[in-house]
Amino acid sequence: MQTYKLLAELLDYPNQALVRELDNAVTEHGTALAWLAEIDRDNVFSTADHQAIAGFIDALIAQDATEREAAYVATFDMVPEHSLHLTHHLFGDDKNRGPALIDLSEYYKSFGFTHEDTEIPDFLPLMLEFVSQLDAAGAKVFLADVAKIFTVLAQNLEKAGSPYAPLIRILEHHGTLTRLAA
């Protein structure tokens, strides 16, 4: 389930430490694709998924730090329709969002997963950290609960021409219950 952890890191703010780690892993394995095959030994993700993630990693590594960070902020922090806080897509700023966040945090705790009190539990990278600790079937079931949000988020990112859109599409496809039966 390391690939979900990797997706969590790729969808979080692209700090220099992450980019150095990615660059070192790619250098060590020859290509991003070879590294992904290594960390996804259980073949949870398809070859097409690996190719999309590898392309994203290669582009991220190639970018200048300022350009990379500015693109992230412009994508996720400046456009509400691109928010990685998934309950925002359901509730906006409605008062019902608070109880949903509390329920999600309690759900995490029921699995023994804890997070900092300052972290909002619906932040997609945090959710993927949680998913990375589940088995493949559990991950699919959990992601199925938010697959419709992934669809909307991916469409919004695609309209904006964002390189993050393919990563969200991968999550969307992993959240469909039809894949669970496969």
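Residues numbered from 1 in each chain as written. Predicted model: local features only at pLDDT ≥ 70, side-chain atom pairs only at ≥ 80, totals over all residues. Heavy atoms only, no water.

With 96% of its residues at a pLDDT of at least 70, the chain reaches an overall mean of 90. Residue range residues 178–182 is modelled with pLDDT below 50. Its contacts to residues more than four positions away, or to other chains, number seven contacts. (pLDDT = per-residue confidence, 0-100. Contact = heavy atoms within 4.5 Å.)

Once that is clear, we can look at the packing of helix H8 (residues 124–131) against helix H9 (residues 136–144). H9 packs onto H8 with a crossing angle of 150° between their chain directions and a minimal axis gap of 10 Å. As the angle between them shows, H8 and H9 are arranged roughly antiparallel. Across from Met127, Leu128, Phe130 and Val131 in H8, the residues of H9 making contact are Ala139, Phe142 and Leu143. In the contact of H8 with H9, the residues fall into seven nonpolar, no polar and no charged. (Axes fitted to C-alpha atoms, helices over the stretch in contact; angles between N-to-C directions. Helix = DSSP H or I, 4+ residues; strand = E, 2+ residues; numbered from the N terminus. Parallel < 35°, antiparallel > 145°, perpendicular 65-115°, else oblique. Nonpolar A, V, L, I, M, F, W, Y, C, P; charged D, E, K, R; others polar.)

So, on to the pattern of salt bridges. According to the stated counting rule, one finds seven salt bridges in the structure shown. A salt bridge links Glu129 to Lys5; the shortest N-O distance between them is 3.0 Å. Linking Glu129 in helix H8 with Lys5 in helix H1 (residues 2–10), this pair joins segments that are 124 residues apart in sequence. Residue class for Lys5 comes out partly exposed when judged on its relative accessible area of 34%. Across the salt bridge formed by Glu106 and Lys109, the nearest N and O atoms sit 3.5 Å from each other. You can see Glu106 and its partner Lys109 sitting in helix H7 (residues 97–110), three residues apart, about one turn around the helix. For Glu106, a relative accessible area of 43% corresponds to the partly exposed category. Counted as one network, the salt bridges with shared partners bring together Lys5, Glu9 and Glu129. (Salt bridge = Lys/Arg side-chain N within 4 Å of Asp/Glu carboxyl O. Buried < 20%, exposed > 50% of the residue type's maximum accessible area, 1.4 Å probe, protein only.)

Let us look at the packing of H1 against helix H3 (residues 32–39). Packing of H1 against H3 leaves a shortest axis separation of 9 Å and a crossing angle of 130°. Regarding the angle of H1 to H3, the classification is oblique. The segment H1 lies against H3, with Gln2, Thr3 and Leu6 engaging Trp35, Leu36 and Ile39.

Time to look at the packing of aromatic side chains. One pass over the structure, following the stated rule, counts 14 aromatic pairs. Aromatic pair Tyr72 and Tyr164: ring centres 5.9 Å apart, planes at 75°, arrangement edge-to-face. Residue Tyr72 is located in helix H5 (residues 65–77), and its partner Tyr164 is located in the loop between helix H10 (147–159) and helix H11 (165–174); the two are separated by 92 residues in the primary sequence. With respect to class, Tyr72 is no different from Tyr164; both count as buried. Both rings, one in Tyr108 and one in Phe130, keep their centres 4.8 Å apart while their planes meet at 40°; by these two values the pair is tilted. One end of the pair, Tyr108, is in helix H7; the other, Phe130, is in helix H8, with 22 residues separating them in the sequence. (Phe/Tyr/Trp six-rings, centres within 6.5 Å; stacked < 30°, edge-to-face > 60°.)

Moving on to the environment of Ala65. Looking at the element boundaries, Ala65 is found in helix H5. Sequence-wise, Ala65 and Gln16 are 49 residues apart; in three dimensions their C-alpha atoms are separated by 7.2 Å.

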